[in-house]
Amino acid sequence: MASKVKVYGKAQNRTALGIAHAYVVMYPHATLEDLRKAFPNSVCPDKGVAENFLPLEKALEFNTKMSLYFAKEDEVINLADGSKVALAQVWSKPSFERMVEQGKLYDIEVAEFEKTVGKEKGGYRLEYLNGYVPPVPEVKKSGGPWIWIILALVAVALIAWLCMPKGEKVVEVEKIVEKEVIVRDTVYVQQIEEIERNFNSAQFEQGKSELNDDAKLALHDLAKVLRQNPALRLRIEGHTSSEGDADTNLRLSEARAQAAVDFLVEKESIEPSRLEAIGKGSSEPIDPSNHESNRRTEFEVIE
């Protein structure tokens, strides 16, 4: 069967997000369960995530420990029932290839994704093929109490206007809306999250705190981000699983975090005052049933 939608993506995980969005465009009444059936957990069995798709509220709660879900406003999947769904954002090459193959089952074609360059943000776009026009979701007709409430408000406003003394000027009070500025929501946050994932992929040897070559490469990239953002300060947190002695785990997590800080200071010439090393041991697991996901290092921006 000919493809109906083609996904063009920049970055592997953003292309996977584009595939999920394409499915919802083609099936506008899809539910969370439909998404999970279309793209089951076996597609992306990567460590650290509980489900490929989570309700946004649960994904945000999950992200407080480690950012593993697409949960920003322009990333979430909006369903017809009004719910919002977040897709896992950690995609290995094999998992991405399975996602592409799964998309083909629904006539979704994927162009070879482009890699992002420098500070460029990843994204995707959809193209409709072979004359395909996506369905328009039916809007349910509704009367109910809301119409009467709106009519009542209009009537009250009209009566108030008729009763208003003539000649008086209505002074419109300017509304001042305070906009919260989120310092973390910048390009470097995405860069740091990606580097964090690369650093965690370069696992420490069991019971040791020495950095391997892949970990050093990730820290070299982190140093570039720090040099590009002179005001940026980082807290590097080491975490372990609950296996073994708690005191030993605490010391090991501290040593691993400090090893990362020492490399940035001694090899990359980053000012020590911009870095902080903390070991949490096994005190803050993100998944008590998954020891592997609990062994991690987190890079936190110090506000």
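Anything mentioned here points back to the structure above.
Parameters and conventions
Residue numbers run consecutively from 1 along every chain, following the written order of its sequence. Reporting in this predicted model follows two pLDDT cut-offs: at least 70 for local features of residues, and 80 or more for side-chain atom pairs to be given and counted; totals over whole chains, interfaces and linings ignore these cut-offs and use all residues. Heavy atoms from the whole structure form the basis of all side-chain values; hydrogens and water molecules are not counted. Secondary structure elements are taken from DSSP: a helix is a run of H or I of four residues or more, a strand is a run of E of two residues or more, and numbering for both begins at the N terminus. The buried label applies to any residue whose accessible area, calculated with a 1.4 Å probe on protein chains only, is under 20% of its type's maximum; exposed applies above 50%, and partly exposed to all values in between. Only heavy atoms enter the contact rule, under which two residues are in contact if any of them lie within 4.5 Å. Residue exposure ignores everything except the shown protein chains as possible cover, and the areas themselves are Shrake-Rupley values with a 1.4 Å probe. Arc definition: it is the arc formed by the directions from the helix axis to the C-beta atoms. Think of a nonpolar core as a cluster: buried Ala, Val, Leu, Ile, Met, Phe, Trp, Tyr and Cys residues, connected wherever their side-chain atoms sit within 4.5 Å. Strands are labelled as partners when DSSP assigns at least two bridges between them. Only the stretch in contact is used when fitting a helix axis, every axis being a line fitted to C-alpha atoms; angles between N-to-C directions are given from 0 to 180 degrees. Side-chain atoms alone can form a polar contact between residues adjacent in sequence; in general such a contact is a pair of N or O atoms within 3.5 Å, and within protein one must be able to donate a hydrogen while the other accepts it. Oblique is the label for every angle not falling under 35 degrees (roughly parallel), over 145 degrees (roughly antiparallel), or within 65 to 115 degrees (roughly perpendicular). By definition, any crossing whose near helix is turned counterclockwise from its far helix by less than a right angle is left-handed, and any crossing with a clockwise turn is right-handed.

> Break down the overall build of the chain for me, citing the residues and quoting the values.
A tally of helices and strands in the chain yields nine helices and nine strands. Expressed as a percentage of its 303 residues, the buried residues of the chain come to 40%. Expressed as a percentage of contacts within the chain between residues at least 6 apart in sequence, the contacts between residues at least 24 apart total 72%. With the model as given, the accessible surface of the chain reaches about 18,400 Å², and the carbon-plus-sulfur share is 55%.

> Go over the side chain of Arg 197, please, and point to the residues and values.
Note that Arg 197 resides in helix H6 (residues 187-201). If sequence neighbours within four positions are ignored, Arg 197 has contacts with Asn 13, Ser 67, Gln 89 and Val 90.

> Tell me about helix H3 (residues 56-63), residues and numbers included.
Along H3, the positions that sit buried rather than exposed are Leu 56, Ala 59, Phe 62 and Asn 63. When H3 is viewed along its axis, its buried side chains cluster within an angular range of 120° and face the same direction. Summarising the geometry of H3, the exposed residues directed more than 90 degrees from the buried face are Glu 57, Lys 58 and Glu 61. Check the buried side of H3 and you find it contacts strand S2 (53-55) and strand S4 (84-87).

> Lay out the nonpolar core with the relevant residues and their values.
Formed by 29 residues in total, the largest nonpolar core has its most connected members in Tyr 23, Leu 35, Phe 53, Ile 77 and Met 99. Contributions of two or more residues to this core are made by strand S1 (5-10), helix H1 (12-26), helix H2 (32-38), S4 and helix H4 (93-104). If one sorts the elements of this core by residue count, H1 sits on top with eight residues. Apart from residues lying up to four places away in sequence, Ile 77 is in contact with Ala 20, His 21, Val 24, Leu 35, Phe 53, Ser 83, Lys 84 and Val 85. Ranked by size, the runner-up nonpolar core spans 28 residues in total, among them Phe 204, Leu 211, Ala 215 and Ala 257.

> Break down the sheet that holds S4 for me, citing the residues and quoting the values.
Across the sheet, which stays open at both edges, the three strands sit in the order S2-S4-S3 with antiparallel pairing between neighbours. The open sheet has two free edges, formed respectively by S2 and strand S3 (77-78), since each of these has just one partner strand. When S2 meets S4, the two strands line up antiparallel, connected through three bridges. Counted as the bridge partner of Pro 55 is Val 85 from S4. Relative to S2, H3 is tilted by about 100°, and along the sheet it contacts S2 and S4.

> Give a description of the pairing of strand S9 (residues 296-301) that names residues and reports values.
With five of six residues buried, S9 lies mostly within the body of the structure. Bridge count between strand S7 (residues 234-239) and S9: six bridges; the pairing is antiparallel. Across the sheet, His 239 pairs through a bridge with Arg 296, a residue of S9.

> Provide a residue-level description of the sheet that holds S7, including the pertinent values.
Strand order in this open sheet of three strands is S8-S7-S9, and the pairing throughout is mixed. Of all the strands in the sheet, the pair left with one neighbour each is strand S8 (275-281) and S9. Pairs of neighbouring strands in the sheet enclose a mean axial angle of 20°, with direction left out of account. Inspection of the sheet shows S7 paired to S8 by six bridges, in the parallel sense.

> Describe the side chain of Glu 268, naming the residues involved and giving the relevant values.
When you line up the elements, Glu 268 lands in the loop between helix H8 (246-266) and S8. At a separation of 2.8 Å, a polar atom in the side chain of Glu 268 contacts the side chain of His 220.

> Requested: an account of the packing of helix H7 (residues 213-228) against H8, with residues and values cited.
If you want to describe how two helices pack, look at the angle between their axes and the distance between the axes. The N-to-C vectors of H7 and H8 enclose an angle of 60°; their axes lie 10 Å apart at closest approach. By the angle between their directions, the pair H7 and H8 is classed as oblique. In this structure, H7 crosses over H8, and the sense of that crossing is right-handed. Every residue of H8 that contacts H7 at Lys 216, Leu 219, His 220, Leu 222, Ala 223 and Leu 226 is listed here: Ala 260, Phe 263 and Leu 264.

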